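Commentary on secondary and tertiary structure
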Amino acid sequence: MKRFVFHTGAELLRLAEKYKMPISEIALNYEQGVSEKTEKEVIAKMKRNLDVMREAVKSGLRLNKKSFSGMSGGNAGKMLKYAGSKSKKITSKALLKAMAYAIACGETNAQMGRIVAFPTAGASGVIPAAVLSVSEELKLSDEKIMKGLFTASAIGLIIAENATLAGAYGGCQAEIGSASAMAAAAITEMRGGTPKQCLDAASLSLKNMLGLTCDPIAGLVEVPCVKRNAMGVTNAFSGSEIALAGIESFVTFDDVVEAMKTTGEMMPSALRETALGGLALTPTGCRIRAKIGLPPIKSAH
Amino acid sequence: MAYSLFDIAGPVMIGPSSSHTAGAVKIGQFARAVFDKTPSKVTFYMHGSFATVSAGHATDKALMAGIMKFKTSDPQIKNALNIAKKLGIAYKFAKTDLGPEFHPNTVKIVLEAPGKKSMEVIGSSIGGGSARIVKINDFDVDIKAIAGKYKYLVISHSNDSAVLTEVLQKITKFDKYYIAGIQSAHIDNHSLTILNLEGRDLSLKQVLELAKVKGVEFVRSLTKLD
Ligand code: SF4
């Protein structure tokens, strides 16, 4: 059987169009090639990820205690309650639920629960939130969700190969930004979008995250991380909607990834996971540092 | 080497931080694997940000969990210190400064057990859940403990090239292995060699066979860091 290999968005799109396959199928085939596993084994492995994601969302929604630092915990349930309430809301129920799920995963992660680092632990809420909420809203099967997860992985793979997925190198644009692009492509395919529309959705979402700093208070993966997952999934929904409206990204996906890489390289290290800049450097940030016994930030100014 | 989709979608792990939690579990697993026994006493010398932010990230629990061979996805990591107490493993955490040449997320682990030479392992968590082992006893090494990518064989042997040659010959007879890397460190007439293999997992029987080669003190196969 022919094995597909791709390293860029352009290559992925060429394969998808030539063989008339969705991105998820190209990705599934690719994985069989690199891992020398059967289709069944690869799917089973992804299914395990899906199971863990569902569990992470569920346990996050139930969490009602605060984390060790007191900065997070208990907000996912609040968000879900609001999503189901009668108050006058201005966005769709699907998006509100996605936001609740994203916070749930983030809170699960902050309190030593089990998550899938997809693409990282800090940004692990965006993709589950997007695919689970969309599948509930549109009554899609698990099989469809899995397609979304394969598509998201393909997008992440291109980012990992050509830029980075680590906040320590690229700032949060590499973590929540990448997760958001991956989620946008995933839900676009799940909703019947073409491969081109999936890449457009990813480009649109990632463009909007360029330059995002990684500035976690006291170095803990809580603030801004947990709620930033909710913002990341919102951004993914927007990217997917714009793409499905037939609007293209003016800049190609590969170019956006390159922009993300160069932007990351230009970012000072204080804004790349060192917890020495941005929100971490504010009076609130410094107060939490002191509270958990960290030495003060010797700021340059 | 080509990425697997599961380098992106995964690993399944216990939060909150791939570098402070998952990476720390792997350093612990590694130390336990080289020591090859559940220690009765472990001392963790925490360096850099491991010394300062360990509590918020549960790095202490993660390290201990690794020593007890928990996986990075085991929900019991949370209770690792209590479990260690129940198992009668004495542990201690101390702050230290290993020097500027070490990565900020570094720990020196000293493992002890009755009737066994104590062992010292230094490891750093380098991000994304990956760990790197930089010292075993007094030997400088460089082992990247990335789940599932390569198989590592740690071989302690006398400093005699014939020994290593024989080990390598045996390995190539087992199966088709591609040797992606090999590093040796020597102190006096003793060597520590790390083989980096691409291929199938070695079976316990095969590892034991390698350990039987004359001049080999021990062989540890590190295939299950997960
Ligand atoms: S702020 Fe930093 S630690 Fe938090 S999610 Fe973003 S990249 Fe990860």
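Throughout, a residue's number is its position along its own chain's written sequence, starting from 1. A letter from A marks each chain and a number from 1 marks each ligand, given out in the order of writing. Where local features are concerned, this predicted model is filtered to residues with pLDDT of at least 70; where side-chain atom pairs are given and counted, the filter is 80 or more; whole-chain, interface and lining totals use all residues. Excluding hydrogens and water, the side-chain figures rest on all heavy atoms present in the structure.

Some remarks on the overall build of chain A
Going along the chain from the N terminus, every DSSP run of H or I of four or more residues is numbered as a helix, and every run of E of two or more is numbered as a strand. Counting its regular elements, chain A contains 13 helices and 1 strand. Considering only C-alpha atoms, chain A reaches an extent of 60 × 45 × 40 Å along its principal axes. Buried, partly exposed and exposed residues are distinguished by accessible area as a fraction of the type maximum, computed with a 1.4 Å probe on protein chains only: under 20%, between the cut-offs, and over 50%, respectively. Looking at chain A residue by residue over its 301 residues, the buried ones come to 57%. Counted over contacts in chain A with a minimum sequence separation of 6, partners at least 24 positions apart contribute 74%. Computed with a 1.4 Å probe, the accessible areas rest on the Shrake-Rupley method; for each residue, only the protein chains presented here act as cover. Summed over its atoms, the accessible surface of chain A is roughly 12800 Å², and 58% of this surface lies on carbon and sulfur atoms. Charge counting treats Lys and Arg as positive and Asp and Glu as negative, with His and both chain ends excluded. Each charge is placed at NZ for Lys, CZ for Arg, CG for Asp and CD for Glu. Each charge sign in chain A was given a centre, from 37 positive and 27 negative side chains, and these centres are 9 Å apart. By definition in these notes, contact holds between two residues if any of their heavy atoms fall within 4.5 Å.

Brief notes about helix α12 (residues 253-266) of chain A
Residues and elements named next belong to chain A. Its 14 residues place the ends of α12 20 Å apart at the C-alpha level, agreeing with the 20 Å of an ideal helix rising 1.5 Å per residue. What α12 keeps buried is the set Phe253, Val256, Val257, Met260 and Gly264. Down the axis of α12, the sector holding all buried residues measures 100°, keeping them to one side. Exposed residues lying more than 90 degrees from the buried face of α12 are Glu265 and Met266. An expected span of 1.5 Å times one less than the residue number is assigned to each helix. Arc definition: it is the arc formed by the directions from the helix axis to the C-beta atoms.

What about the site of the ligand?
Residues and elements named next belong to chain A. Around the ligand lies a shell formed by Gly122, Cys172, Glu175, Cys214, Asp215, Cys225 and Arg228. Looking at the shell around the ligand, the elements with two or more residues in it are α9 (172-190) and α11 (225-244). By the convention adopted, Pro, Cys, Tyr, Trp, Phe, Met, Ile, Leu, Val and Ala count as nonpolar, Lys, Arg, Asp and Glu as charged, and the other residues, Gly among them, as polar. Considered class by class, the residues forming the shell around the ligand number 3 nonpolar, 1 polar and 3 charged. Note on definitions. A residue lies near a molecule or strand when any single heavy atom of the residue is within 4 Å of it.

Side note on the state of the cysteines
Disulfides are defined as pairs of cysteine sulfur atoms found within 2.5 Å of each other. One pass over the structure, following the stated rule, counts 0 disulfides over all chains. With no disulfide of its own, cysteine 105 of chain A lies closest to cysteine 225 of chain A among cysteine sulfurs, the gap being 14 Å.

Some words on the interface of chain A and chain B
Contact residues are listed per partner, giving 38 residues for chain A and 28 residues for chain B. In total, chain A and chain B occlude about 2600 Å² of area from one another, counting both sides; carbon and sulfur atoms represent 69% of this. Summed over both partners, the accessible area lost on bringing two parts together, with a 1.4 Å probe, is the buried area. Area buried by chain A at its contact with chain B is led by Glu31, Met112 and Arg114 of chain A, which between them contribute 24% of it. Here, a salt bridge means any side-chain nitrogen of Lys or Arg that lies within 4 Å of a carboxyl oxygen of Asp or Glu. Summed over the shared surface of chain A and chain B, the result is 0 salt bridges. Whenever two N or O atoms come within 3.5 Å, that pair is a polar contact, provided that in protein one can donate a hydrogen and the other can accept it, and provided that, for residues adjacent in sequence, both atoms are side-chain atoms. Along the contact surface separating chain A from chain B lie 10 residue pairs in polar contact (both at pLDDT 80 or more). Where the side of chain A that touches chain B is concerned, the elements lending two or more residues are α2 (23-35), α3 (39-62), α5 (93-110), β1 (114-116) and α7 (142-162) of chain A. With 7 residues, the top contributor of residues to the side of chain A that touches chain B is α7 of chain A.

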